[in-house]
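Here's the letter readout for the chains.
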Amino acid sequence: MFHGVVVVGVNFLAFVSRTHGLKKKEEEQRRTLKQGCVWLKKHTLSLNFQNSGQFNCSASFRKLSAKVRKKMQIIRCFQPRFRSLIIKSPFSSSTSSFCSSAAAIQAERTIRDGPRNDWSKDEIKSVYDSPVLDLLFHGAQVHRHAHNFREVQQCTLLSVKTGGCSEDCSYCPQSSRYDTGLKAQKLMNKDAVLEAAEKAKEAGSTRFCMGAAWRDTVGRKTNFNQILEYVKEIRGMGMEVCCTLGMLEKQQAVELKKAGLTAYNHNLDTSREYYPNIITTRSYDDRLETLQLVREAGISVCSGGIIGLGEAEDDRVGLLHTLATLPTHPESVPINALIAVKGTPLQDQKPVEIWEMIRMIATARIVMPKAMVRLSAGRVRFSMSEQALCFLAGANSIFTGEKLLTTPNNDFDADQMMFKVLGLTPKPPKFSEEPVRAFEGERCQEAVSI
Ligand code: SF4
């Protein structure tokens, strides 16, 4: 194995030397690096090569002296600058070429340093653009460091007030501006809502979400008070409760918190730049303001977006950038694939490919490691194998139940079968007021590759 390490070091130095001509400072670094390699060899540590071309000393990092750790840091400094190293694998006699992708570099950084909010758009774009299988692999690595990879949260979403919405969201059949054949209904009564929540609980759901097709809750005092009552009752049933009711005011956020609301959903939908192509009746900043009020009230933030709206890949990156640079990352990030509904302006959009979903999910996982990344609308179009890839890439939450507001969702029995086949378990509800647990990456720091 140490043969491999030495070969990495020698090839690496040869590469540096050939292409850049070592200056005095680099000569010193070369000496330090060489000493580090000799030290490693002497101490017979267990080293493995990773497919990114980096090496991993997981079990043994603790044993290293501060001096050698410093030497390893020097190696780390060089890695992003020289993407491609030719190394001789210790497991075969052939010479292989490995490429350290942006997904690998940023995933490693996330695992080492934990969540951060200073992502640049270029950094996220380079992660998003990494070769898809590499992106998937590194999304999976971050996922396993930050979460129990077998646990998948099951949420049930009920439309408690359907249709007749005054907004003009181009994808939405509930907007009163489009002729989709959907009839506007009044707020569902208490018995019907509680019965649905009970059913969802029996079916294994731990979070119950109530959606109302409203622009906001202003001037809806009676309905809003009813919603507060539903929240209290459902919370009393031992379930997490989420609402999506449009824009909120400060006082309403406080009242929802008092009633026991766990999370509030308010999606950004897409990038700031593309947003005016999708919605004109409220601004991107309106949405951000609601998210801020929710956060200030001490309610978990659920915010994500939709792909397949006709946006460019840069807009998908832009959406993730906005979410990942919020002062605190949303606790839940739903990734929806558009279900084009007849009668809406987006009725002719072509369906989203599974690889587009995987790119979004894995990138979201790497840039917002602690968030619950929810495989949301559009899941119904994906096979069990395709969904398995999404879970592998970092998704750990789904919506269960026959419908997602007004569009079809996966069959309950098929979901149960999927959990069994894939060895997934339902994530238990979390009611603690404590902030989300510390990033496990801190504990795992000693296991990361250098
Ligand atoms: S997405 Fe919400 S706000 Fe937009 S039209 Fe539909 S129900 Fe109204």
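Here the residue index of a chain counts from 1 through its sequence in written order. With the structure being a predicted model, the display of local features is reserved for residues of pLDDT at least 70 and the display and counting of side-chain atom pairs for 80 or more, all residues being used for whole-chain, interface and lining totals.

1. A word on the overall build of the chain
- Elements are defined by DSSP. Helices are runs of H or I of four residues or more, strands are runs of E of two residues or more, and each kind is numbered from the N terminus. Scanning the chain from terminus to terminus reveals 15 helices and 16 strands.
- Here, residues touch in the contact sense if the C-beta positions derived from the backbone fall within 7 Å of one another. Sequence separation of at least 24 residues holds for 80% of the intrachain contacts in the chain that already meet a minimum separation of 6.

2. Here we look at the site of the ligand
- In this analysis, residues qualify as near a molecule or strand once their C-beta atom, positioned from backbone atoms, comes within 6 Å of it. The local shell around the ligand consists of Cys-165, Glu-167, Cys-169, Cys-172, Gln-174, Ser-175, Ala-213 and Gly-246.
- Looking at side-chain class alone, the shell around the ligand contains four nonpolar, three polar and one charged residues. Nonpolar residues are Ala, Val, Leu, Ile, Met, Phe, Trp, Tyr, Cys and Pro. Charged residues are Asp, Glu, Lys and Arg, and all others, Gly as well, are polar.

3. Quick word on the packing of helix α8 (residues 221–236) against helix α9 (residues 250–259)
- In this analysis, axes come from line fits to C-alpha atoms, helices being fitted only over the stretch in contact, and the angle between any two N-to-C directions falls in the range 0 to 180 degrees. Interaxial distance between α8 and α9 falls to 8 Å at its minimum, and their mutual angle equals 30°. When the axes of α8 and α9 are compared, the pair comes out roughly parallel. On α9, the residues that touch Phe-224, Leu-228, Val-231 and Lys-232 of α8 are Gln-252, Glu-255, Leu-256 and Ala-259.
- Residue composition of the contact of α8 with α9, grouped by class: five nonpolar, one polar and two charged. These descriptions rest on fixed angle ranges, namely under 35 degrees for roughly parallel, over 145 for roughly antiparallel, 65 to 115 for roughly perpendicular, and the rest for oblique.

4. Notes on helix α5 (residues 121–128)
- Within α5 the residues assigned to the buried category are Ile-124, Val-127 and Tyr-128. Angular distribution of buried residues about the axis of α5 spans 100°; they occupy a single face of the element.
- Elements that come into contact with the buried residues of α5 comprise α4 (102–113), α6 (132–146), α11 (313–324) and α12 (354–367). Remark: C-beta atoms are placed from the backbone, and a residue is labelled buried if 20 or more other C-beta atoms sit within 10 Å of its own, exposed if 12 or fewer do, or partly exposed between those counts. As used here, the arc is the angular range of directions from the helix axis to the C-beta atoms.

5. A short note on the environment of Thr-280
- As for its placement among the helices and strands, Thr-280 is situated in the loop between β8 (263–265) and α10 (284–296).
- Separated by 112 residues in the primary sequence, Thr-280 and Asp-168 place their C-alpha atoms 6.7 Å from one another.

6. Digging into the pairing of strand β7 (residues 240–244)
- When you tally the buried positions in β7, you get five out of five residues, the bulk of the element.
- Along β7, one buried face is formed by Glu-240, Cys-242 and Thr-244 and the opposite face, lined by Val-241 and Cys-243, is buried too.
- The sheet contact formed by strand β6 (residues 207–212) and β7 spans five bridges and is parallel. Among the inter-strand pairings, Gly-211 is bridged to a residue of β7, identified as Thr-244.
- Once you follow β6 into α8 and on to β7, the crossover reads as right-handed.
- At least two DSSP bridges between two strands are needed for those strands to be called paired. Inspection of the sheet shows β7 paired to β8 by two bridges, in the parallel sense. Paired with Cys-243 across the bridge in β8 is Tyr-264. Note on handedness: a crossover is taken as right-handed if, strands pointing away from the viewer, the path from the first strand over the helix to the second is clockwise.

7. Describing the packing of α12 against helix α13 (residues 384–393)
- Contact geometry for α12 and α13: axes closest at 8 Å, N-to-C directions at 20°. By the angle between their axes, α12 is roughly parallel relative to α13. As for how α12 packs across α13, the hand of that crossing is right-handed. Between α12, through Ile-354, Met-357, Ile-358, Ile-361, Ala-362 and Arg-365, and α13, the contact on the second element is made entirely by Glu-386, Leu-389, Cys-390 and Ala-393.
- Residues belonging to the contact of α12 with α13 are distributed by class as follows: eight nonpolar, no polar and two charged. Definitions for this section: a left-handed crossing has its near helix turned counterclockwise from the far helix by less than a right angle. A right-handed crossing has that turn clockwise.

8. Here's the deal with the confidence of the model for the chain
- The predictor's confidence in any single residue is recorded as pLDDT, a number from 0 to 100. For the chain, per-residue confidence averages 81 on the pLDDT scale, and 72% of positions sit at 70 or higher.
- Taken as a whole, residues 1–10 scores under 50 in pLDDT and shows 24 contacts with residues more than four places along the chain or in a different chain.

9. Things to note about the pairing of β6
- Of all six residues making up β6, six are buried, and the element is well covered by its neighbours.
- Residues Arg-207, Cys-209 and Gly-211 of β6 are buried on one face, and the alternating residues Phe-208, Met-210 and Ala-212, pointing to the opposite face, are buried as well.
- The pairing of strand β5 (residues 151–161) with β6 spans six bridges and is classified as parallel. Each residue of the ladder has a partner; that of Ser-159, found in β6, is Gly-211.
- Of the crossover connections in this fold, the one passing from β5 over helix α7 (residues 190–202) to the parallel β6 is right-handed.

10. Looking at the nonpolar core
- For the purposes of this analysis, a nonpolar core is taken to be any set of buried Ala, Val, Leu, Ile, Met, Phe, Trp, Tyr and Cys residues that are connected through C-beta atoms within 7 Å. Grouped together as the largest cluster of nonpolar side chains are 96 residues, with contacts concentrated most on Cys-243, Tyr-264, Ile-361, Ala-364 and Cys-390.
- In terms of residue count, the dominant contributor to this core is α12 (eight residues).
- Setting aside residues up to four positions removed in sequence, Cys-243 forms contacts with Cys-209, Met-210, Ile-227, Val-231, Leu-256, Leu-261 and Tyr-264.

11. Topic: α10
- Between the first and last C-alpha of α10 there are 19 Å, a value that for 13 residues agrees with the 18 Å anticipated at 1.5 Å per step.
- Within the sequence span of α10, burial applies to Arg-287, Thr-290, Leu-291, Leu-293 and Val-294. The buried residues of α10 occupy an angular sector of 160° when projected down its axis, which confines them to one face. The exposed residues of α10 that point more than 90 degrees off its buried face are Asp-285 and Glu-296. Any helix carries an expected span of 1.5 Å times its number of residues minus one.

12. Quick word on the environment of Trp-355
- Here Trp-355 is to be found in helix α12.
- For the pair Trp-355 and Cys-390, spaced 35 residues apart in sequence, the C-alpha separation works out to 9.1 Å.

13. Here we look at unusual backbone geometry
- In the Ramachandran plot, Asp-269 falls in the positive-phi region, its phi being about 70° despite a non-glycine side chain.
- One can find Asp-269 in the loop between β8 and α10.

14. A short note on the environment of Gly-423
- With respect to the helices and strands, Gly-423 occurs in the loop between α14 (412–422) and β16 (425–426).
- Between the C-alpha atoms of Gly-423 and Glu-151, which are 272 residues apart in sequence, the distance is 9.2 Å.

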